[in-house]
Amino acid sequence: MRSNSIVIQKVADKAEKTFQSIGYPSKKNENWRMIDLSNILSTQFIESAKQAIDNTMVSDFLIEDCYHIYSINGFLDLKLSDKLPACIKLSKIKDSDINLEDRFAKISDYRSNGFNAKNTSHFKDGIAINISSKQKIDKPIQLLNIFSTLEDNSIHYPRLLVMVDIQSELSLINQFICIDKNMHLVNSVVEIEAQEGSTLNYSVIQKGNLSSNLIESTAVNQSSNSKINYNSFTLDGKMTRNDIDVKLDNDSAEINLHGLFLGSDSEYVDYHTTINHVSPNCYSNEIFQGIMKGSSKGIFNGLVNVSKHAKNTNSNQKNRNLLLSNKATVNSNPQLEIFCDDVSCT
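Quick caveat: nothing in here was measured; it's all calculated off a predicted structure. Along each chain, the written sequence defines residue order, and numbers are assigned to residues from 1. Local features in this predicted model are restricted to residues of pLDDT 70 or higher, and side-chain atom pairs are both shown and tallied only at a pLDDT of 80 or more, whereas totals for entire chains, interfaces and linings draw on every residue. The side-chain figures draw on all heavy atoms in the structure; neither hydrogens nor water molecules are used.

**Concerning the side chain of Thr218**
Alright, step 1. Structurally, Thr218 can be placed in strand β12 (residues 212–222).
Alright, step 2. Given the relative accessible area of 2%, Thr218 is considered buried.
Alright, step 3. Working rule for contacts: check all heavy atoms of both residues, and any pair within 4.5 Å makes them a contact. Ignoring sequence-local partners within four residues, the contact set of Thr218 consists of Val190, Ile192, Tyr230, Asp243, Ile244 and Asp245. Each helix corresponds to a stretch of at least 4 residues labelled H or I by DSSP, and each strand to a stretch of at least 2 residues labelled E; elements are numbered beginning at the N terminus. Relative accessibility decides the category of a residue: with a 1.4 Å probe and only protein chains considered, values under 20% of the type maximum give buried, values over 50% give exposed, and everything between is partly exposed.

Below, the structure is given as structure tokens:
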């Protein structure tokens, strides 16, 4: 087995070539036609560097009764982070015990997304979290992704790889926080693998500032009898785009995907979700709700795809939105693609 550094570098080189070929998405791409990226693409961003902070600077964001992990501008801070139980392995991605040849940039596909390709070729540390098989820790883990720079127009490339081993259970809160008023572009990629019989309670909390931009690509691969409870909250930020791709890859996997997004002033919030039912007897329940005011704009584009082999699929999808002003809008586009007769989908 090749070393992790060699694996990462080889993939990064391929991702850079991909980015040079496809570039960032444009309005010609159906999934990006409603988002205005002109402000981002016309800005000369500077890659962020490591920066020391005092944890008192983010004390207001700490959730009680959790283990806390700190990432500053995309760089893991092990000294500031809590000591975790022995069954949890926390490291930079290159130092992980996870077999990267089978998982790194394999769960998430950078080949059709320029932002994903750019992260894959430019991320520095990344974070790997792995819980051993048949284990459960006593309280959740809160990962604080903190963004703070002295200069304006900074770009960050956080990356997270989570593996929940066989018959284990993990609760993880992945929080994004801009603690200054500078303009940031956060280009984030998350890869999650839930192995056979495992359970993951996963929450994402996104809180930017009036000048921050967050683009996050999350990919999930679930094995048989695995269960994921996924909650996503977008609370603030000038522009937020979430791409969530779930693959129910083996028999009797279950995903509960819930989201709440808030918009005010001229904020823009965009959720694109895809749930792929590949195998029989799988269950998905998706509920997203938006509350928009001012001249904010929201988008929910949710696709449930049921393959011809996915018999006994049970899938539910809902999107409800509340507009608190005449200028606020939400474009809702729930979709079903069904290639199997023996299913229940609403």
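**Some remarks on the nonpolar core**
Alright, step 1. Working definition of a nonpolar core: buried Ala, Val, Leu, Ile, Met, Phe, Trp, Tyr and Cys residues. They are joined through side-chain atoms within 4.5 Å. Formed by 47 residues in total, the largest nonpolar core has its most connected members in Ile88, Ile129, Ile141, Leu160, Leu170, Tyr202 and Tyr230.
Alright, step 2. Once you skip the residues sitting within four places of it in the chain, Ile88 turns out to touch Ile129, Asn130, Ile131, Ile137, Ile141 and Leu170.
Alright, step 3. By size, the runner-up hydrophobic cluster in this structure holds 32 residues, among which are Ile35, Ala105, Ala128 and Ala219.

**So, the sheet that holds strand β11 (residues 199–207)**
Think of a sheet as strands paired side by side through backbone hydrogen bonds, with each pair either parallel or antiparallel.
Alright, step 1. In space, the 10 strands of this open sheet follow the order β3-β2-β6-β9-β11-β13-β15-β17-β19-β21, with mixed pairing throughout. Both edges of this open sheet fall to β3 (75–77) and β21 (343–345), since each of them pairs with a single strand only. Sheet twist, expressed as the average angle between the axes of neighbouring strands with direction ignored, equals 15°.
Alright, step 2. Strand pairing follows a simple DSSP-based rule, namely that at least 2 bridges must link the two strands. As paired elements, strand β19 (residues 313–323) and β21 share 3 bridges and run parallel to each other. Among the inter-strand pairings, Thr313 is bridged to a residue of β21, identified as Val343. Axis geometry follows a simple rule: fit a line to the C-alpha atoms, using only the stretch in contact for helices, then measure angles between N-to-C directions, giving values from 0 to 180 degrees.

**Overview of the pairing of strand β6 (residues 141–147)**
Taken residue by residue, a regular strand's side chains alternate between the two faces of the sheet.
Alright, step 1. The buried fraction of β6 amounts to 7 of the 7 residues, a majority that puts the element mostly inside the structure.
Alright, step 2. The side-chain alternation of β6 yields two buried faces, one formed by Ile141, Leu143, Asn145 and Phe147 and the other by Gln142, Leu144 and Ile146.
Alright, step 3. Relative to strand β9 (residues 169–178), β6 is paired through 7 bridges, and the arrangement is parallel. Considered in β9, the bridge of Phe147 is made with Cys178.

**Examining a nonpolar patch on the surface**
Alright, step 1. Two distance rules govern patches: like charges are joined within 9 Å, and nonpolar side chains (Val, Leu, Ile, Met, Phe, Trp, Tyr) within 5 Å, applied only to residues with over 30% relative accessible area and no salt bridge. Note on areas: Shrake-Rupley, 1.4 Å probe, and residue coverage restricted to the protein chains presented here. Basic side-chain nitrogens of Lys or Arg form a salt bridge, by our definition, when they fall within 4 Å of a carboxyl oxygen of Asp or Glu. Judged by side-chain polarity, Ile291, Leu322 and Leu324 come together as a nonpolar surface patch covering roughly 260 Å² of accessible area.
Alright, step 2. Relative to the helices and strands, Leu324 is located in the loop between β19 and β20 (329–338).

**A look at unusual backbone geometry**
Alright, step 1. A positive phi angle, near 60°, is found at Ala105, a position not held by glycine.
Alright, step 2. Structurally, Ala105 can be placed in the loop between α3 (100–103) and α4 (114–122).
Alright, step 3. Exposure remark for Ala105: the relative accessible area of 10% places this residue in the buried category.
Alright, step 4. Of note, Asn312 is a non-glycine position whose phi angle comes to about 60°, a positive value.
Alright, step 5. Note on placement: Asn312 falls in the loop between β18 (297–306) and β19.

**A short note on the layout of surface pockets**
Alright, step 1. Of the pockets and cavities examined, the largest pocket occupies roughly 1,100 Å³.
Alright, step 2. Of the grid points, spaced at 1 Å and generated over the protein atoms alone, those admitting a 1.4 Å probe that cannot get out make up cavities, while open sets with protein on both sides within 12 Å along at least five of seven lines make up pockets; any residue with an atom within 4 Å of a point is treated as lining. Around the largest pocket, the lining is made up of 47 residues, and of these Asp109, Ser112, Asn113, Ser217 and Asp245 lie nearest the centre.
Alright, step 3. For this classification, Asp, Glu, Lys and Arg are treated as charged, while Ala, Val, Leu, Ile, Met, Phe, Trp, Tyr, Cys and Pro are nonpolar and the rest, including Gly, are polar. Residues of the lining of the largest pocket, tallied by class, amount to 15 nonpolar, 17 polar and 15 charged.
Alright, step 4. Grid points are joined across faces, edges and corners, and a volume is the space filled by probe spheres set on the points. Here the second largest pocket is characterised by a volume of approximately 230 Å³.
Alright, step 5. Around the second largest pocket, the lining is made up of 13 residues, and of these Asp36, Lys238, Met239, Ser266 and Tyr268 lie nearest the centre.
Alright, step 6. In terms of residue count, helix α2 (residues 38–41) provides more of the lining of the second largest pocket than any other element does, 3 residues in total.
Alright, step 7. Per-class residue counts for the lining of the second largest pocket are 5 nonpolar, 4 polar and 4 charged.

**Comments concerning helix α1 (residues 4–22)**
Alright, step 1. With 19 residues, α1 should cover 27 Å at 1.5 Å per step; its first-to-last C-alpha distance of 27 Å lies within 8% of that length.
Alright, step 2. All of the buried residues along α1 are Asn4, Val7, Ile8, Val11, Ala12, Ala15, Thr18 and Phe19. Within α1, the buried residues cover an arc of 125° as seen down the axis, which keeps them to one side. Across α1 from its buried face, at more than 90 degrees, point the exposed residues Lys17, Gln20 and Ser21.
Alright, step 3. Where α1 is buried, its residues contact α3 and α4.
Alright, step 4. Following α1 by one or two positions, Gly23 adopts a phi angle in the positive range, close to 65°. One less than the number of residues in a helix, times 1.5 Å, gives the span that helix is expected to have. Each C-beta atom gives one direction from the helix axis, and the arc is the one those directions make.

**What to know about empty space enclosed by the protein**
Alright, step 1. The tally for this structure, following the rule as stated, stands at 3 cavities of 30 Å³ or more.
Alright, step 2. Within this model, the largest cavity holds a volume of roughly 80 Å³.
Alright, step 3. Forming the boundary of the largest cavity are 15 residues, of which Cys178, Lys207, Gly208, Ser212 and Leu214 lie nearest the centre.
Alright, step 4. Going through the elements one at a time, β9, β11, β12 and β14 (239–248) are the ones with two or more residues in the lining of the largest cavity.

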